[in-house]
Amino acid sequence: MAFSGMSFFITLFSILVLLFGLAHSSTLGVQHVSKLVRIQDSERASPSVQLAAVRAAVERVFPSLSSSFDFRIISKERCGGESCFTLSNHPTSRIRGTPAILIGGFTGVELLSGLHWYLKYWCGAHISWDKTGGIQLASVPNTGSLPRIQDSGILIKRPVPWNYYQNAVTSSYSFAWWDWERWEKEIDWMALQGINLPLAFTGQEAIWQKVFQNFNITSSQLDDFFGGPAFLAWSRMGNLHRWGGPLPQSWLDQQLIMQKKILARMYELGMTPVLPAFSGNVPAALKSVFPTAKIERLGNWFTVGSDSRWCCTYLLDATDPLFIEIGKAFIKQQLKEYGRSGHIYNCDTFDENTPPVDEPEYISSLGAAIFEGMQSGDDEAVWLMQGWLFSYDPFWRPPQMKALLHSVPVGKMVVLDLFAEVLPIWTTSEQFYGVPYIWCMLHNFAANVEMYGVLDAIGSGPVEARTSENSTMVGVGMSMEGIEQNPIVYDLMSEMAFQHKTIDVETWVNLYSKRRYGKFVQTMQESWNILYHTIYNCTDGAYDKNRDVIVSFPDVDPSFISIAQIFSPIREKHSIALSRRDSLKDLTDTFDQPHLWYLTSEVIRALELFIESGAKLSGSNTYRYDLVDLTRQALAKYANQLFLKVIESYKLKDLDTLGCLSEKFLELVYDMDTLLACHEGFLLGPWLESAKQLAQDREQEKQFEWNARTQITMWFDNTEEEASLLRDYGNKYWSGLLRDYYGPRAAIYFKYLQESLQKGSGFDLNGWRREWVTLTNDWQKSRKTFPVKAIGNALNTSSWLYDKYLRDPETHTLDH
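The rules we used
- Residues numbered from 1 in each chain as written.
- Predicted model: local features only at pLDDT ≥ 70, side-chain atom pairs only at ≥ 80, totals over all residues.
- Heavy atoms only, no water.
- Phe/Tyr/Trp six-rings, centres within 6.5 Å; stacked < 30°, edge-to-face > 60°.
- Buried < 20%, exposed > 50% of the residue type's maximum accessible area, 1.4 Å probe, protein only.
- Lys NZ or Arg CZ within 6 Å of the ring centre and 35° of its normal.
- Core = buried A, V, L, I, M, F, W, Y, C linked by side-chain atoms within 4.5 Å.
- Helix = DSSP H or I, 4+ residues; strand = E, 2+ residues; numbered from the N terminus.
- Contact = heavy atoms within 4.5 Å.
- Pairing = 2+ DSSP bridges.
- Right-handed = clockwise from strand over helix to strand, strands pointing away.
- Disulfide = S-S within 2.5 Å.
- Salt bridge = Lys/Arg side-chain N within 4 Å of Asp/Glu carboxyl O.
- Patch = residues over 30% accessible without salt bridge, like charges linked within 9 Å, V, L, I, M, F, W, Y side chains within 5 Å.
- Areas by Shrake-Rupley, 256 points an atom, 1.4 Å probe, with all protein chains shown as cover.
- Polar contact = N/O pair within 3.5 Å; in protein donor to acceptor, adjacent residues only side chain to side chain.
- Axes fitted to C-alpha atoms, helices over the stretch in contact; angles between N-to-C directions.
- Parallel < 35°, antiparallel > 145°, perpendicular 65-115°, else oblique.
- Left-handed = near helix turned anticlockwise from the far one by under 90°.
- Nonpolar A, V, L, I, M, F, W, Y, C, P; charged D, E, K, R; others polar.

Q: Please clarify how the packing of aromatic side chains should be interpreted in this entry.
A: To describe a pair of aromatic rings, one takes the distance between the centres and the angle between the planes. For the coordinates displayed, the defined rule picks out 70 aromatic pairs. For the pair Trp-597 and Tyr-598, a centre-to-centre distance of 5.1 Å together with 85 degrees between the ring planes defines the contact as edge-to-face. The exposure classification of Trp-597 matches that of Tyr-598, with both residues buried. Here the aromatic cluster, defined as three or more aromatic residues joined through ring pairs, consists of Tyr-173, Phe-231, Trp-234, Trp-243, Trp-301, Phe-302, Trp-310, Trp-706, Trp-715 and Phe-716. Over the ring of Tyr-733 we find Arg-632, and its NZ or CZ is 5.0 Å from the ring centre. Against the face of Trp-734 rests Lys-732, its NZ or CZ located 5.7 Å from the ring centre.

Printed below as a string of structure tokens:
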């Protein structure tokens with residue numbers, strides 16, 4: 001039966017509110033960082049500044065609702081000693097034309113979080129990124145009819161102080177081409193999600209330019225140091241240099257101006273931006289200026305043939321006195337430029353760069369020196385470090401971990417448990433050996449487009465970590481490599497910043513399906529229940545970065561692709577995608593297997609229900625985004641199976657069937673491009689055009705577009721016959737990219753398969769690679785433009801493709 005009006009949400013909220021414990025919930029970790037929290041509280045913008053910033057944000061995001069809400073900054077004492085927000089009926093709410101709801105909060109972030117909470121649980125609204133459907137407010141009553149709060153009001157406290165946001169590489173995968181308008185939207189989104197500890201990495205190259213000039217490094221020498229705009233994250237981490245560069249001076253200048261705007265807005269809202277610190281990554285020229293300094297050249301990081309033009313960067317040993325000098329100078333220069341800091345600095349010296357010696361004493365001396373470089377520039381400095389190295393590199397055994405973590409005073413280091421929803425380190429390291437940490441959800445790699453998630457782990461993991469014995473947890477965080485995908489995952493994760501008890505995820509998902517589209521539709525709720533138990537229930541422990549055949553084409557001789565078990569005698573209805581047994585078998589380590597963790601028949605049933613719901617929801621932008629994404633997901637898995645049938649026909653030397661199936665695969669690619677064109681969240685055009693719009697002249701335009709095109713295709717360097725080792729790492733299901741690049745690439749491979757059978761010879765792997773690399777190099781240099789606005793009807797297109805490919809695999813066979 002359907003639920004009526006706002007009573008559905010209010011009843012659900014009364015259930016959810018029972019999940020919140022309002023007692024003091026301090027952990028050992030919170031006690032360790034309490035001094036820093038007090039300092040940050042004392043240095044926040046004044047209440048009047050924060051209130052003005054909040055009201056301006058409401059005018060931007062919810063202009064039609066701005067007169068319905070009033071805001072007050074309240075003290076921590078009113079919150080019981082924690083950060084909190086309160087919701088209550090406004091004292092004048094009975095008078096026509098006055099605000100209906102009064103929201104109190106310790107900072108501007110809490111005020112906007114409280115507004116989001118009210119809209120979410122009293123009005124059934126939904127907030128996501130523009131590209132993932134935007135904001136759903138159709139369910140919100142008109143001004144003057146907003147639901148009232150219970151007379152006693154609502155108090156929601158943070159269980160831990162910090163809600164962290166970003167990954168060191170998000171700045172390149174998602175933010176590379178943003179202008180201020182896009183940054184302003186993101187900061188508004190952050191505040192509404194309760195984020196109060198975001199990375200702030202923009203513009204640091206201009207700071208480094210000024211710092212290194214004081215160490216006699218010229219601007220021209222830095223041309224070899226900085227990567228291009230789309231590769232700055234890896235240049236900053238010392239993985240590569242110059243690739244995609246050099247950076248024009250205009251880029252350096254405009255990014256510093258942008259950073260100052262970003263920081264000003266974050267501070268106005270009461271956030272604590274995390275600034276970068278010196279990690280030891282230095283220009284090659286520094287070795288000439290300081291010949292006695294301990295500067296080591298690092299090994300190759302994924303270049304083809306250890307190409308010295310961009311590989312093997314230089315690392316200044318932290319025990320060298322010059323390290324502390326540079327570290328201090330960098331912190332001081334930032335304070336001079338920005339006027340203040342939040343005293344938390346990110347530094348990842350060992351991120352995919354293994355220390356040369358594993359002696360704990362040496363590692364401890366490195367850590368101490370790194371921190372001294374920060375502290376000498378800021379007495380209250382705290383080192384924030386990504387914990388990725390502890391799961392990525394087997395070098396970090398317990399003695400080495402302890403040596404690094406204990407190299408600074410307790411409370412002066414905070415570790416990001418970066419991948420805690422899949423591979424938590426806190427459980428195996430005695431809570432990081434007593435060091436404060438933030439429970440993070442990594443979720444996405446390289447901004448790939450893939451429906452994926454572990455909702456149960458998100459709904460319980462942070463609470464279990466915080467309430468565990470001797471917990472050192474001090475925050476929750478979202479540390480994805482790329483944003484603007486899987487909105488349900490980020491909706492739930494952001495909510496965990498205010499949740500005191502584990503979530504009943506099934507109940508939460510049922511509510512989500514109504515909030516997402518603004519109305520209750522039974523078939524849609526049934527569909528989301530399926531998706532929760534399949535796509536969003538990945539429990540195999542494998543992380544996901546999309547390696548579907550279309551977007552990550554296997555660079556391998558077809559003889560190494562196993563199809564032996566593709567025709568299992570037991571075939572479930574609609575099971576057209578790969579199971580773990582029926583998979584691309586990687587025998588040569590030349591490609592990754594597509595990851596599948598659910599029964600495709602169930603997901604196709606969910607798609608059927610989505611399409612069935614279209615008559616009631618086709619006007620919803622959030623529905624159109626989800627429909628395109630789910631159809632894309634199902635067709636992508638179908639394409640994996642179809643590709644294996646192509647390979648089977650090749651091995652059977654059946655040239656006619658090979659030709660027929662190859663054409664069918666390519667037709668599917670172009671059909672998917674048509675589907676993706678139906679929503680602006682799946683377009684190539686905006687990515688390329690935003691890159692060009694930041695250019696000052698035609699040469700910069702060409703350079704920036706090359707950066708944008710290269711990151712999503714070959715990624716890194718290649719030779720004439722050897723593809724990049726990171727090829728397709730940043731792959732995207734974007735309209736324009738399928739039709740213009742992925743389809744032609746597959747066509748080249750299929751051509752060589754057919755020529756092999758026609759000539760009776762082996763597969764010409766080098767010939768295939770030469771043509772693929774040529775295609776890629778030409779595509780990266782191309783100036784062809786692509787649409788920036790969606791075209792086509794999502795519901796009609798999805799229905800058509802469902803009928804064409806997915807409705808009945810027994811009649812829509814893959815046979816010739």
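Q: How do you make sense of the nonpolar core when you look at a structure like this?
A: Note on soluble globular proteins: their nonpolar side chains tend to be buried together. Counting 280 residues, the largest nonpolar core has Phe-390 and Phe-665 as the members making the most contacts within it. With 16 residues, the single largest contributor to this core is helix α24 (residues 621–651). Contact partners of Phe-390, with chain neighbours within four places excluded, come to Met-385, Trp-396, Met-401, Leu-404, Leu-405, Val-415, Ile-425 and Phe-432.

Q: Could you clarify how one ought to interpret the sheet that holds strand β12 (residues 314–316) in this entry?
A: Each strand in a sheet pairs with another by means of backbone hydrogen bonds, the pair being arranged parallel or else antiparallel. In space, the three strands of this open sheet follow the order β10-β12-β11, with antiparallel pairing throughout. Two strands close off the open sheet at either side, each with one partner strand: β10 (281–282) and β11 (295–297). Summarising the sheet, β11 and β12 pair through three bridges and their orientation is antiparallel. By the bridge assignment, Glu-296 is partnered in β12 with Leu-315.

Q: Could you clarify how one ought to interpret the pairing of strand β17 (residues 473–478) in this entry?
A: Side-chain positions along a regular strand alternate between the two faces of the sheet. Counting buried positions along β17 gives six out of six residues, so the element sits mostly inside the fold. Sheet topology note: the strand β7 (residues 162–165)/β17 ladder contains four bridges and is parallel. What sits directly across from Tyr-165, in β17, is Met-478. Of the pairings in the sheet, the one linking strand β16 (residues 437–441) to β17 comprises five bridges and is parallel in character. Considered in β17, the bridge of Tyr-437 is made with Met-473. Read as a crossover between parallel neighbours, the route from β16 over helix α18 (residues 455–467) to β17 is right-handed.

Q: Is there a simple way to think about the state of the cysteines in this case?
A: Linking two cysteines covalently via their sulfur atoms produces the bond known as a disulfide. Taken as a whole, this structure holds two disulfides when the rule is applied. One disulfide bridge connects Cys-79 with Cys-84, the sulfur atoms lying 2.0 Å from each other. Measuring handedness by torsion sign, the sulfur bridge of Cys-79 and Cys-84 sits at about -65 degrees and is left-handed. With respect to class, Cys-79 is no different from Cys-84; both count as buried. Of all cysteine sulfurs, the one in Cys-440 lies closest to Cys-347, which takes part in no disulfide; the gap is 17 Å.

Q: Help me out: how do you make sense of the pattern of salt bridges in this one?
A: A side chain of one charge can pair with a side chain of the opposite charge if their charged atoms are brought near each other. The tally for this structure, following the rule as stated, stands at 41 salt bridges. Residue Asp-740 is joined to Lys-784 by a salt bridge in which the shortest nitrogen-to-oxygen separation is 2.8 Å. In this pair, Asp-740 sits in helix α28 (residues 737–759) while Lys-784 sits in the loop between α29 (765–781) and α30 (794–806), placing the two residues 44 residues apart along the sequence. Each of the salt bridges in this network shares a partner with another, and the network as a whole consists of Arg-60, Glu-184, Asp-188, Arg-265 and Glu-268.

Q: How should I be thinking about a nonpolar patch on the surface in this particular structure?
A: The grouping of Phe-302, Tyr-392 and Leu-725 at the surface amounts to a nonpolar patch, some 260 Å² of accessible area in total. Structurally, Tyr-392 is set in helix α15 (residues 388–392).

Q: What exactly am I supposed to notice about the side chain of Gln-136 here?
A: Relative to the helices and strands, Gln-136 resides in strand β5 (residues 135–136). Here Ala-138 takes part through its backbone nitrogen, which lies 2.6 Å from a polar atom of the side chain of Gln-136. Ignoring any residue separated from it by four or fewer positions in sequence, one finds Gln-136 in contact with Gly-124, Ala-125, His-126, Arg-515, Arg-516, Tyr-517 and Gly-518.

Q: Looking at this model, I keep getting lost on the environment of Pro-424. Mind explaining?
A: When you line up the elements, Pro-424 lands in the loop between β15 (413–417) and α17 (430–433). On the accessibility criterion, Pro-424 (23% relative accessible area) is partly exposed. In the structure, Pro-424 is positioned 15 residues away from Trp-439 in sequence and 8.2 Å away in space, judged by C-alpha atoms. In this structure, Pro-424 is in contact with Asp-417 and Phe-419, ignoring residues within four places of it in sequence.

Q: Just to check I follow, could you spell out the packing of helix α26 (residues 685–693) against helix α27 (residues 698–711) for this structure?
A: How two helices pack is summed up by the angle between their axes together with the distance between the axes. For the pair α26 and α27, the least separation of the axes is 8 Å and the interaxial angle reads 150 degrees. Here α26 lies roughly antiparallel to α27, going by the angle between them. Crossing of α26 over α27 shows right-handed handedness. Listed contacts from α27 to Trp-687, Leu-688, Ala-691 and Lys-692 of α26 are Glu-701, Phe-704, Glu-705, Ala-708, Arg-709 and Gln-711. Residues that form the contact of α26 with α27 fall into these classes: five nonpolar, one polar and four charged.

Q: Looking at this model, I keep getting lost on the sheet that holds strand β2 (residues 84–89). Mind explaining?
A: The strand order β1-β3-β2-β6 describes an open sheet built from four strands, whose pairing is mixed. The strands lining the two open edges of the sheet, one partner per strand, are β1 (69–73) and β6 (154–157). Averaged over all pairs of adjacent strands, the angle between their axes in this sheet comes to 15 degrees, without regard to strand direction. Of the pairings in the sheet, the one linking β2 to β6 comprises four bridges and is antiparallel in character. Within β6, the residue paired with Leu-87 across the bridge is Ile-154.

Q: Mind showing me how you'd approach helix α16 (residues 398–405) here?
A: Note: α-helices contain 3.6 residues per turn, so residues at a spacing of three or four share the same orientation. Those residues of α16 lying buried are Gln-400, Met-401, Ala-403, Leu-404 and Leu-405. Buried residues belonging to α16 abut α14 (360–375), β14 (382–386), α15, β15 and α17.

Q: Got a minute to help me understand the pairing of strand β3 (residues 101–105) in this structure?
A: Of all five residues that make up β3, five are buried, and the element is covered over most of its length. Residues Ile-101, Ile-103 and Gly-105 of β3 are buried on one face, and the alternating residues Leu-102 and Gly-104, pointing to the opposite face, are buried as well. Bridge analysis of β1 against β3 gives five bridges, and the strand direction is parallel. Across the sheet, Phe-71 pairs through a bridge with Ile-103, a residue of β3.

Q: Quick question: what am I supposed to make of the side chain of Ser-613 here?
A: Within the secondary structure layout, Ser-613 lies in the loop between α22 (600–612) and α23 (614–617). Ignoring any residue separated from it by four or fewer positions in sequence, one finds Ser-613 in contact with Val-521, Thr-523, Met-524 and Tyr-623.

Q: I would appreciate a short explanation of the environment of Tyr-729 in the present structure.
A: Examined against the element boundaries, Tyr-729 turns out to sit in the loop between α27 and α28. Apart from the residues within four sequence positions on either side, Tyr-729 is in contact with Tyr-173, Phe-445, Ala-446, Asn-448, Glu-481, Lys-545, Arg-547 and Trp-715.

Q: Would you take a moment to explain unusual backbone geometry for this structure?
A: Apart from glycine, the bulk of residues carry a negative phi angle, and the bulk of peptide bonds sit in the trans form. Between Gly-245 and Pro-246 the backbone carries a cis peptide bond, its omega angle lying at 0 degrees. When you line up the elements, Pro-246 lands in the loop between α10 (232–236) and α11 (249–268). At Tyr-433, a position not held by glycine, the phi torsion is positive, near 50 degrees. In this structure, Tyr-433 sits in helix α17. Judged by relative accessible area, which is 12%, Tyr-433 ranks as buried. Here the phi dihedral of Asp-728 falls at roughly 65 degrees; this positive angle occurs in a residue that is not glycine. Tracing the chain through its elements places Asp-728 in the loop between α27 and α28. Its relative accessible area of 2% is what places Asp-728 among the buried residues.

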